[in-house]
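Architecture at a glance
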Amino acid sequence: MRPSGRGTSGRLAFGLVGALLVGGVVIRFVAPERVAWVQAAVIVFGSLIVQATPFVLIGALAAAAIEVFVPIGTLERLADLPKPFQLPAAAIAGMGFPICECGSVPVARRLISKGLVPSAAVTFMLAAPVLNPVVIASTFVAYRGRGALWTMVLGRFFLGLIVAIAVGWVLGRRGAGELLRAPAVADGRADEREAVTLGRPESPWRMFFVHLGSDFLFMGRFLLLGAAVAALIQTFLPQSLTQVVAGLPVINVVVMMGFAFVLSLCSESDAFIAASFVQFGPSGQLAFLVFGPMVDVKLVALYAGTFRPATVRAILVTVAVVTFAGALWLGVISG
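Residues numbered from 1 in each chain as written. Predicted model: local features only at pLDDT ≥ 70, side-chain atom pairs only at ≥ 80, totals over all residues. Heavy atoms only, no water.

1. Observations regarding the overall build of the protein chain
The secondary structure content of the protein chain amounts to 18 helices and zero strands. Of all 335 residues assigned to the protein chain, the portion counted as buried reaches 50%. Taking the contacts inside the protein chain whose residues are at least 6 apart along the sequence as the reference set, 84% of them involve residues at least 24 apart. Of the roughly 15,200 Å² of accessible surface on the protein chain, 70% is carried by carbon and sulfur atoms. (Helix = DSSP H or I, 4+ residues; strand = E, 2+ residues; numbered from the N terminus. Buried < 20%, exposed > 50% of the residue type's maximum accessible area, 1.4 Å probe, protein only. Contact = heavy atoms within 4.5 Å. Areas by Shrake-Rupley, 256 points an atom, 1.4 Å probe, with all protein chains shown as cover.)

Below you can see the structure in the form of structure tokens.
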């Protein structure tokens, strides 16, 4: 499932990359003394793409394998656990299912239709894109060699876990009819109908490569967009302004959450973008890494098409408040 605006995001990403190239040519002839700026932007852009692309590919491989080869019943067993353990177990289950944030939304809807407690399904939906091993590995590589390495890796894991469980707790015992939009609730047998096909069954390996190509291209567009924006900000935004904003203890967290919302990056690659904002401290970067995979432009569209408005508001507000508070505490603890 993909938001309807994916074509717009692709055009915007490639448009920004094209703007970098055209701008470089224009500056080369109009203001040759500023060619160094363009070179710096291209270096930042290229380095982010080179570092992040392998993890985007690994994430697409894992997501495609889960989509085709892992039965959904594996997660449905969470419903057999005692009620107090379902939310933590659903969050921890995200470690074993390295799916991107876009893929986790339809999985959560399907789990609810299969009878899993809705709050546990939403907890899994939010936790999987942050806690899965591909994301943790990419975060480690992005911050390798820095003093804040374990602060960022462990902080992202535990704060993501807390935020996901907090949202599930806020949603409480609400039933499927209270959380999901009416068409999705009425679709209780949709998954059974999806399994019925006419003619020759499609090869699992063909489905795997179709999902792989679709996910990789989809996530790659947002990587291009994020890398281009990060390169432009790092190169052309006045350093004095950046330093002022980054030096404000509360504002810097809000700004980084805003960046995460607008850029709509894939969680497999966002650590490299966050790490490039060297002016911002660990608290702002952590807010970027936890908030983005749970709430961004493309996810809001997916949430609105899947859940009722009250549920969407509860998710957005809870994620924002708990992420903000957790990032500020990290800033206090880390000094």
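2. Concerning the packing of aromatic side chains
Scanning all chains against the criterion turns up nine aromatic pairs. Between Phe-259 and Phe-277, the aromatic rings sit 5.4 Å apart at their centres with planes inclined by 20°, giving stacked as the arrangement. In this pair, Phe-259 is assigned in helix α14 (residues 251-263) and Phe-277 in the loop between α15 (270-276) and α16 (282-291), connecting sequence segments 18 residues apart. Relative accessible area serves as the criterion here: at 1%, Phe-277 is assigned to the buried category. On the numbers, 6.2 Å between centres and 80° between planes, the contact of Phe-277 with Phe-280 is edge-to-face. Classification of Phe-280 as buried rests on a relative accessible area of 5%. One aromatic cluster is present, built from ring pairs that chain together Phe-259, Phe-277, Phe-280 and Phe-288. (Phe/Tyr/Trp six-rings, centres within 6.5 Å; stacked < 30°, edge-to-face > 60°.)

3. Some points on the confidence of the model for the protein chain
Of the residues in the protein chain, 80% reach a pLDDT of 70 or more, and the chain-wide mean stands at 80. Between residues 1-6, whose pLDDT stays under 50, and residues either more than four places distant or in other chains, the model counts 16 contacts. Considering only residues more than four positions removed or in separate chains, one finds that residues 184-198, a stretch of pLDDT under 50, has 12 contacts. (pLDDT = per-residue confidence, 0-100.)

4. Some details on the environment of Gly-292
Within the secondary structure, Gly-292 sits in the loop between α16 and α17 (297-306). Take Gly-292: its relative accessible area is 6%, and that puts it in the buried class. The spatial distance from the C-alpha of Gly-292 to the C-alpha of Leu-265 is 7.1 Å, given a sequence separation of 27 residues. Once residues lying within four places of it in the same chain are set aside, the contact partners of Gly-292 are Ala-260, Ala-287 and Leu-299.

5. Details of the nonpolar core
Of all hydrophobic cores here, the largest spans 94 residues; its most connected members are Phe-124 and Leu-126. Once you skip the residues sitting within four places of it in the chain, Leu-126 turns out to touch Ala-164, Val-167, Met-294, Tyr-303, Ile-315 and Val-319. One finds Ala-60, Ala-64, Val-68 and Leu-212 within the second-largest nonpolar core, a separate group that totals five residues. (Core = buried A, V, L, I, M, F, W, Y, C linked by side-chain atoms within 4.5 Å.)

6. A short note on the environment of Val-130
Mapped onto the secondary structure, Val-130 falls in helix α6 (residues 118-131). The class for Val-130 is buried, based on a relative accessible area of 0%. Separated by 34 residues in the primary sequence, Val-130 and Ala-164 place their C-alpha atoms 9.5 Å from one another. Once residues lying within four places of it in the same chain are set aside, the contact partners of Val-130 are Val-135, Ile-136, Arg-156, Gly-160, Val-290, Pro-293 and Met-294.

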